[in-house]
Amino acid sequence: MEQDEFFGEKAFQHCCAEFIKHSQLIGDGWEWRTSKDCSDGYMCKTHLQIKNGTVAPRPRPSAHEQTGLPMEEAAELALDDAEAAEVPAVSPVIRYEYHVLYSCSFQVPVLYFRASFLDGRPLTLEDIWEGVHECYRTRLLQGPWDTITQQEHPILGQPFFVLHPCKTNEFMTPVLKNPQKINRNINYVTSWLSVVGPVVGLNLPLSYAQAASQDM
Amino acid sequence: GLLLVLPGLATIPSTSVEGQFPLATFPTSAGERHTAVIVFLSTFTVDILLKAVGDTPIMKTKKWAVERTRTIQGLIDFIRKFLKLMASEQLFIYVNQSFAPSPDQEVGTLYECFGSDGKLVLHYCKSQAWG
């Protein structure tokens, strides 16, 4: 694929297709969705995450299962355990949705996302900030309204948070134009998402990097 | 006294003393005892070559021995301080010249996946990305 400055919608769709191919290979959960009316499409992924953590814990076996005691005795044992041990507060599980769309006005991909608790309550912008990785927090907190805003999803028409695309060219151009890069193919969407994803809790597995340099 | 023998690479200062083993004590003519501590850097560190991208300042020292458990975030913080970047400037690190590993990714893992010829090449780029 030619690495010229103009990243058109076709290029976007091609990059997404390659990206999703790899996602399917490693079971990373990305899908392509099209809107019924037009040929517009976008990539999306949903994942569950414990607030301020990453992996939901496996439920511990009940005392009955653990001890093999009859139910009533096991229940007493469990009660004793609960009183004796510290009962940790239940960390809420958050459902994150990430959508990658193409912005015709900026001619770059854009990351839309939203998050809600399992009961459907959406997270507030403040909650989202708490989830932003430490190394980005200082900078983003200086001007959050410039970088993460709430907007209507262009295809679904629902409110989403958006990582503003106006600076995308600024950090993508040096990467694309790197003169040291000889005959190296870059998947724009992979590179871009690897940079912006971690800002909002989305980390790409390393194998995407290896896939990107082999494709195209 | 303590002699520290290092291969010819700069080391990013670490607060841990892992990897330092006293190998031998030997008396000197003055009757003092010296301990030679040879740091087995290759076991605990990986060799990294840092390359600047775009307008980013070039680091005077490009080759570094970094302990395997150092994260990308840790490396970013180090380079930022070294280059004296402003708080508003963001620094990105790339493997394969195009992919930014997540901040918690360890350098040792990146070396396993992307290292060659005994080193890991990392490109770094500064940006006003969100400013």
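In case you missed it, the structure is sitting above this.
Residues numbered from 1 in each chain as written. Chains lettered and ligands numbered in written order. Predicted model: local features only at pLDDT ≥ 70, side-chain atom pairs only at ≥ 80, totals over all residues. Heavy atoms only, no water.

Digging into the overall build of chain A
(1) Moving on: When you go through chain A residue by residue, the secondary structure sums to nine helices and six strands.
(2) Moving on: Here chain A holds 216 residues, and 43% of them are scored as buried.
(3) Moving on: For chain A, restricting intrachain contacts to residue pairs at least 6 apart in sequence, the fraction spanning at least 24 positions comes to 59%. (Helix = DSSP H or I, 4+ residues; strand = E, 2+ residues; numbered from the N terminus. Buried < 20%, exposed > 50% of the residue type's maximum accessible area, 1.4 Å probe, protein only. Contact = heavy atoms within 4.5 Å.)

Considering the overall build of chain B
(1) Moving on: Along chain B, the regular secondary structure elements total three helices and eight strands.
(2) Moving on: Counting from the amino terminus, chain B carries its helices and strands in the arrangement β-β-β-β-α-β-β-α-β-α-β.
(3) Moving on: Residues counted as buried form 46% of the 131 residues belonging to chain B.
(4) Moving on: If you take every contact in chain B between residues at least 6 apart in sequence, the share linking residues at least 24 apart comes to 60%.
(5) Moving on: With the model as given, the accessible surface of chain B reaches about 6,800 Å², and the carbon-plus-sulfur share is 56%. (Areas by Shrake-Rupley, 256 points an atom, 1.4 Å probe, with all protein chains shown as cover.)

A word on helix α3 (residues 107-114) of chain B
(1) Moving on: Every buried residue belonging to α3(B) is among B:Val107, B:Gly108, B:Leu110 and B:Phe114, and all of these are buried. Buried residues of α3(B), viewed axially, fall in a sector of 160°; they line one side. (Arc of directions from axis to C-beta.)

Section: the state of the cysteines
(1) Moving on: This model, assessed by the stated rule, comprises zero disulfides over all chains.
(2) Moving on: B:Cys125 provides the cysteine sulfur closest to A:Cys166, a residue in no disulfide bond, and the two sulfurs are 17 Å apart. (Disulfide = S-S within 2.5 Å.)

A word on the nonpolar core
(1) Moving on: With 75 residues, the main nonpolar core has A:Trp30, A:Leu111, A:Trp192, A:Leu193, B:Ile48, B:Ile79 and B:Tyr124 as its most contacted residues.
(2) Moving on: Among the nonpolar cores identified, the runner-up in size contains seven residues, and A:Tyr42, A:Leu101, A:Val110 and A:Tyr112 belong to it. (Core = buried A, V, L, I, M, F, W, Y, C linked by side-chain atoms within 4.5 Å.)

A word on the side chain of B:Thr56
Residues and elements named next belong to chain B.
(1) Moving on: With respect to the helices and strands, Thr56 occurs in the loop between β5 (45-52) and β6 (63-67).
(2) Moving on: Looking at Thr56, the relative accessible area reads 5%, which means it is buried.
(3) Moving on: Here the side chain of Thr56 touches Val53 through a polar contact of 2.7 Å, landing on its backbone oxygen. (Polar contact = N/O pair within 3.5 Å; in protein donor to acceptor, adjacent residues only side chain to side chain.)

Examining the sheet that holds strand β1 (residues 31-34) of chain A
Residues and elements named next belong to chain A.
(1) Moving on: The antiparallel open sheet is built from six strands, whose spatial order is β1-β2-β3-β4-β6-β5. The open sheet terminates on both sides in strands that have one partner only, identified here as β1 and β5 (148-152). When strand polarity is set aside, the average angle formed by the axes of neighbouring strands in this sheet is 35°.
(2) Moving on: Helix-sheet contacts for helix α1 (residues 9-26) involve β1, β2 (41-50), β3 (93-103) and β4 (108-117), and the interaxial angle to β1 is about 140°. (Pairing = 2+ DSSP bridges. Axes fitted to C-alpha atoms, helices over the stretch in contact; angles between N-to-C directions.)

Considering the pattern of salt bridges
As a working rule, side chains carrying opposite charge can pair if their charged atoms are close by.
(1) Moving on: With the rule as written, the count across this model stands at 10 salt bridges over all chains.
(2) Moving on: When the shortest N-O distance is used, the salt bridge between A:Glu31 and A:Arg33 registers 3.5 Å.
(3) Moving on: In this structure, B:Arg70 engages B:Glu67 in a salt bridge whose closest nitrogen and oxygen atoms are separated by 3.3 Å. Of the two residues, B:Arg70 and B:Glu67, both sit in the buried class.
(4) Moving on: Connected via shared salt-bridge partners are A:Arg95, A:Glu97 and A:Arg114. (Salt bridge = Lys/Arg side-chain N within 4 Å of Asp/Glu carboxyl O.)

Details of the packing of helix α7 (residues 168-176) of chain A against helix α8 (residues 188-196) of chain A
Residues and elements named next belong to chain A.
(1) Moving on: For the pair α7 and α8, interaxial distance at closest approach is 11 Å and the crossing angle is 125°. Judged by the inter-axis angle, α7 sits oblique to α8. In the crossing of α7 with α8, the sense of the turn from one axis to the other is right-handed. Here Thr168, Asn169, Phe171, Met172 and Leu176 of α7 lie close against α8, whose contacting residues are Tyr188, Ser191, Trp192, Val195 and Val196.
(2) Moving on: Tallied by class, the residues present in the contact of α7 with α8 amount to seven nonpolar, three polar and no charged. (Parallel < 35°, antiparallel > 145°, perpendicular 65-115°, else oblique. Left-handed = near helix turned anticlockwise from the far one by under 90°. Nonpolar A, V, L, I, M, F, W, Y, C, P; charged D, E, K, R; others polar.)

What to know about the pairing of strand β7 (residues 90-94) of chain B
(1) Moving on: Along β7(B), five of the five residues are buried, which leaves the element largely enclosed by surrounding structure.
(2) Moving on: Judged by which residues are buried, β7(B) turns out to be covered on both faces: B:Gln90, B:Phe92 and B:Tyr94 on one side and B:Leu91 and B:Ile93 on the other are all buried.

Re unusual backbone geometry
Peptide bonds are, in most cases, trans, and in most cases residues other than glycine have a negative phi.
Residues and elements named next belong to chain B.
(1) Moving on: One non-glycine residue, Asn96, lies in positive phi territory at about 55°.
(2) Moving on: Within the secondary structure, Asn96 is located in the loop between β7 and α3.
(3) Moving on: Of note, the phi angle at Gln97 is positive, near 60°, even though the residue is not glycine.
(4) Moving on: Positionally, Gln97 belongs in the loop between β7 and α3.
(5) Moving on: The exposure class assigned to Gln97 is buried, which follows from its relative accessible area of 14%.

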